[in-house]
There are 2 protein chains.
Amino acid sequence: MSDHPHAQEAPGSVSELLERLDGAIDSFPKRLKQCASFTRRHLHLIAVSTVSEMAKACDVAPSVYMRFCQALGFSGYAELQGLFRARFAEFRPDYEVRLASLHEDGAIATSRLLTDFAEAGHKSLLSIANTVTSDVLDRIARGMASARVVHLVGLRRAFAVVSNMSYLLDKLGVPANLHYGAGMLNAHGAIFPGDVLFAVTFAPFSDETVRLAEAAAKRGITVYGLTDSEHCPVAEWATEMLIAREDEVAGFRALNAAITLTTTLAVSIRTLQQQS
Amino acid sequence: MSDHPHAQEAPGSVSELLERLDGAIDSFPKRLKQCASFTRRHLHLIAVSTVSEMAKACDVAPSVYMRFCQALGFSGYAELQGLFRARFAEFRPDYEVRLASLHEDGAIATSRLLTDFAEAGHKSLLSIANTVTSDVLDRIARGMASARVVHLVGLRRAFAVVSNMSYLLDKLGVPANLHYGAGMLNAHGAIFPGDVLFAVTFAPFSDETVRLAEAAAKRGITVYGLTDSEHCPVAEWATEMLIAREDEVAGFRALNAAITLTTTLAVSIRTLQQQS
DNA sequence: CGCCATGTGGAATATTTGTTCCATTTTGGT
DNA sequence: ACCAAAATGGAACAAATATTCCACATGGCG
């Protein structure tokens, strides 16, 4: 005997929310559609906005946004917002406990792992929208587009990121040079004035990457950095820094934020090329 | 004649805040030091937390955190928080309007790209949760965990995926062999019975990757494939296939789905190791 | 054309959150 | 060991925010 024809459970994850949003949008009246489409595109705002702010952004009354939340199965805005703030329960994550529970049941664990990583991915993507300002990205794109050669360095976990970047820059016709290997990073032999260096390193930071950034900066080369924490030592030598925080699952992190940022960077360069 | 010995202006940017934090931390008493050091390391939490939450995370009383804000020159927590929420004001203008003005300002175009790629990432992650069943993932994980050597092959866009996989397998102690380079893939020289091959290729499919999968399969090697479409020719030779559909933006695709799948795979292998 | 069902937004209320106050504890100097 | 100054945390108060309610508008259908 509920007020709504089909009383639903509240979505418990970002994925579920997105699915419900996509499923329900057609059956919504005008104003709720407005809410749905704006919210869909600006999920990351929910964590840091009040109902009135979201309502205003959607160009509806606060009470309408309230009904929107309820139409999705939430008790109200607070519960919806909780979904996006929940990640920060990583304060005292009882790390050990999660690890233990992870291998207690193998069959279930694998299926849970996938949804956990997908969820962590959603959150990482939200996080870059929140922490990266587009003007930094824009300045880096301009710097790379006009560089003589773009040097890429990233070891271990960061290597996938720079190798992807190398592929993208190549496709765009931007001269790029991927620095490989341990002990082989050679700033003096190959890096010249007018070049830029794009250095990627995640905590714990790779000494070699940091030293290459330092050497380049000291020779007057523009250095851009991509990392996952505010304490990256490359920051000291970099003209611009990008921070891509990744949510973790059982101590492992995927590379969603970093890959998305670098891909955006590449496409952004293309936009610049097309304008000139 | 202020209450505080040196009345300061409130920091107007995150950089200023950090400088003040670093400059003042030594002169702070115990509890304020706690606030400063936790806050320094978890700046990103401020935007989405209440005073009580921050205070609790710092292990101090809310009133202490309040004084901490004031010691930094803010009128209170709200003003400090404003610093981290302020940047989102730029999202307030109606979205449709911004769409039209895409070319007039580079930073706006870049910002639009970032939200588009984040959105594409969300969709890609949803897609794997919907199309990949965990038992396939589980079987691949078991196959890899018990292989003599895991051979990895992926060229061009897929290379970042396999190089990431190579890093992860290495970290887990799974013997892995990353096959590099064009024309150099050599099935006969290095792949032996008991090995498995993990082949990654996205449309348009790389001939060399497909041929290596074929050669391996014909020699009785177990082949696993990861791709982005049902029509991948590797499927013909593979024991198991993973399909990671990626959404595109302006003809470019990030690698969210593929990276998330492979990371899940790796952690899944670790789970198996811990059970035995 | 008028009625009912549904959608809408402003204004009232309840709840949460930020902020201040002050009694008590701790610290450091003599 | 004593005192003064500083720091601390609980509890009261103020402000902001979420949520509900209801009068009004709108659109479909007899």
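Check the entry above for the structure.
Rules used throughout
- Residues numbered from 1 in each chain as written.
- Chains lettered and ligands numbered in written order.
- Predicted model: local features only at pLDDT ≥ 70, side-chain atom pairs only at ≥ 80, totals over all residues.
- Heavy atoms only, no water.
- Pairing = 2+ DSSP bridges.
- Helix = DSSP H or I, 4+ residues; strand = E, 2+ residues; numbered from the N terminus.
- Axes fitted to C-alpha atoms, helices over the stretch in contact; angles between N-to-C directions.
- Contact = heavy atoms within 4.5 Å.
- Buried < 20%, exposed > 50% of the residue type's maximum accessible area, 1.4 Å probe, protein only.
- Arc of directions from axis to C-beta.
- Near = heavy atom within 4 Å.
- Polar contact = N/O pair within 3.5 Å; in protein donor to acceptor, adjacent residues only side chain to side chain.
- Nonpolar A, V, L, I, M, F, W, Y, C, P; charged D, E, K, R; others polar.

The subject of this paragraph is the sheet that holds strand β2 (residues 176–179) of chain B. All names here are of chain B. Spatial ordering of the open sheet is given by β2-β1-β3-β4-β5, a layout of 5 strands whose pairing is parallel. A single partner strand is all that each edge strand has here, and the edge strands are β2 and β5 (240–243). Direction aside, the axes of adjacent strands within the sheet are offset by 15° on average. As defined by bridge partners, strand β1 (residues 150–154) adjoins β2 across 4 bridges and the pair is classed as parallel. Its bridge partner being in β2, V150 is matched across the sheet by A176. Set on the sheet, helix α9 (residues 159–172) makes contact with β1, β2, β3 (196–200) and β4 (222–227); between it and β1 the angle comes to about 160°.

Residue and element names in this part refer to chain B. Turning to helix α3 (residues 51–58), its buried residues number three or more, namely M54, A55, A57 and C58. The buried residues of α3 occupy one face: seen down the axis, they fall within an arc of 160°. Taken together, the buried residues of α3 touch α2 (30–41), α4 (62–71) and α5 (77–85). D59 occupies a position one or two residues after α3 and carries a positive phi of about 65°.

Here we come to the protein's contact with DNA strand C. Of all residues adjacent to DNA strand C, which total 15 residues, the nearest are R31(A), V51(B), M66(B), Q70(B) and Y77(B). A share of 65% of the atoms of DNA strand C within 4 Å of the protein falls on sugar and phosphate groups. In this structure, V51(B) approaches DNA strand C through a main-chain N or O atom, which is 2.8 Å from a phosphate oxygen. Within the contact set of DNA strand C, a phosphate oxygen lies 2.6 Å away from a side-chain nitrogen or oxygen of Q70(B). If you list the elements that add at least two residues to the surface near DNA strand C, you get α2 (30–41) and α4 (62–71) of chain A together with α4 and α5 of chain B. Counted by class, the surface near DNA strand C contains 7 nonpolar, 5 polar and 3 charged residues.

Inspection of the region around DNA strand D gives 16 residues, with V51(A), M66(A), Q70(A), Y77(A) and R31(B) positioned closest. The contact in question runs from a phosphate oxygen of DNA strand D to an N or O atom on the side chain of R31(B), over 2.3 Å. Where the surface near DNA strand D is concerned, the elements lending two or more residues are α3 (51–58), α4 and α5 (77–85) of chain A together with α2 and α4 of chain B. Of the residues in the surface near DNA strand D, the class split is 7 nonpolar, 6 polar and 3 charged.

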